[in-house]
Amino acid sequence: MFKQLSLLFSITHSQSILRRYFIVNGFDGALTMLGIIMGFYMSDSIKLAVIMNTCLGAAIALGMSGLISAYVSESAEQKKQLGDLEQAMVKDLGSSAYGEAARLLPYVTAAVNSLSPLIIALIIISPIWAATLSFELPIGAVETAMLIAFLILFLLGVFLGRISGTYWLWSGIRTLFIAIVTAGLIFLVAT
Amino acid sequence: MVTIKRIILDVLKPHHPDCLEFACAIADKSPGIKVELTVDEIDEKTESIIIVIEGESLDYDAIVEVITDLGGSVHSLDEVEVTSKPD
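So, here's what we can say about the structure. (Residues numbered from 1 in each chain as written. Chains lettered and ligands numbered in written order. Predicted model: local features only at pLDDT ≥ 70, side-chain atom pairs only at ≥ 80, totals over all residues.)

### Re the overall build of chain A
Definition in use: Each helix is a run of DSSP H or I of at least 4 residues and each strand a run of E of at least 2, with the numbering of both proceeding from the N terminus. Any residue whose C-beta has 12 or fewer other C-beta atoms within 10 Å is treated as exposed, any with 20 or more as buried, and any in between as partly exposed, C-beta atoms being built from the backbone. Once C-beta atoms have been placed from the backbone, residue pairs whose C-beta atoms lie within 7 Å are recorded as contacts.
When helices and strands are tallied, chain A shows six helices and zero strands. What you see in chain A, going N to C, is helices and strands ordered as α-α-α-α-α-α. On the principal axes, the C-alpha backbone points of chain A span a range of 65 × 35 × 30 Å. Residues classed as buried in chain A amount to 35% of the 191 residues present. Partitioning the intrachain contacts of chain A with sequence separation of at least 6 by distance along the chain shows that 71% fall at a separation of at least 24.

Quick look at the structure:
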């Protein structure tokens, strides 16, 4: 099963596509959560349950959006690539590994594109969820959630750095800088 | 009993999987065989290859199945070597 999946990824160059989807939508998820939490942080006395439900709603919407958009675009792309190759080969490739890839990969891509922002968002809002269940946190739940968002954005940068072969710390600092600028803009608008 | 010892196939295949992966996939399905692959011609999306396969008893159908599964198409069977042993 793993060997077959690896073959399908290899012939369609899907590793890079999946990596791209993971980072792009993961970045979306983390930054969206940071924006929402920052917005609430700048407002006075908002209940944690309200923040939690808003973030959860946004996380589910991001996940669904990722699922549908990736499936629709990737199935169209795979169908086109298969059609082009069939034309060149003058042969129906439906039962070959290429046909299997064209059928399976849109689902895998959709899952990655959907789960990436959803899981990242859930990790970010986990301190707020913990606080609503009366768990004691060393610092405020909202502040902890924002710190986790910054950390995840930094780690996404590190991951990007490792892929591109650039210095991981520099790449991490770059994405962290984007997060800080975003937070700064929200701060400016909200005050 | 007749056994196939050697075949030469003219195959059209997509660029991916590459020649090494293609040859390894064929060899993987029939352990103990020798696979020699030569690229004859390269086009924009496809390449023509010549595959020489040698072994004690080749399973022609299994070899063609691997090639087809990887998106290849057997154009012709250019050479065969078979031996016959009394049952």
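Having put the structure on the table, let's press on.
### A closer look at unusual backbone geometry
Here the residue pair His16(B) and Pro17(B) is connected by a cis peptide bond, since its omega of 0° sits within 30 degrees of zero. Tracing the backbone shows Pro17(B) in the loop between strand 1 (2-14) and helix 1 (19-29). Positive phi values are uncommon outside glycine, yet Val90(A) reaches one of about 50°. Structurally, the position occupied by Val90(A) is in the loop between helix 3 (48-89) and helix 4 (97-132).

### Some details on the interface of chain B and chain A
The condition that has to hold: We call Asp, Glu, Lys and Arg charged. Ala, Val, Leu, Ile, Met, Phe, Trp, Tyr, Cys and Pro are nonpolar, and the rest, Gly among them, are polar.
Across the contact, 11 residues belong to chain B and 11 residues belong to chain A. Of all the secondary structure elements, the ones that give two or more residues to the side of chain B that touches chain A are strand 1 and helix 2 (60-69) of chain B. By residue class, the composition of the side of chain B that touches chain A is four nonpolar, five polar and two charged.

### Structural notes on the packing of helix 2 (residues 14-42) of chain A against helix 3 of chain A
Residues and elements named next belong to chain A. Inclusion rule: Axes here refer to lines fitted to C-alpha atoms; in helices the fit is confined to the stretch in contact. Angles between the N-to-C directions go from 0 to 180 degrees. Oblique is the label for every angle not falling under 35 degrees (roughly parallel), over 145 degrees (roughly antiparallel), or within 65 to 115 degrees (roughly perpendicular). Here a crossing is taken to be left-handed if its near helix is turned anticlockwise relative to the far helix by less than a right angle, and right-handed if that turn runs clockwise.
The N-to-C vectors of helix 2 and helix 3 enclose an angle of 160°; their axes lie 10 Å apart at closest approach. Between helix 2 and helix 3, the crossing angle belongs to the class labelled roughly antiparallel. Pair helix 2 / helix 3 crosses with right-handed handedness. Contacts between helix 2 and helix 3 involve Tyr 21, Asn 25, Asp 28, Gly 29, Thr 32, Met 33, Ile 36, Ile 37 and Phe 40 from the former and Ile 51, Thr 54, Cys 55, Ala 58, Ala 59, Leu 62, Gly 66 and Ala 70 from the latter.

It is worth stressing that arrangement in space is one thing and function is another; only the former is reported here.
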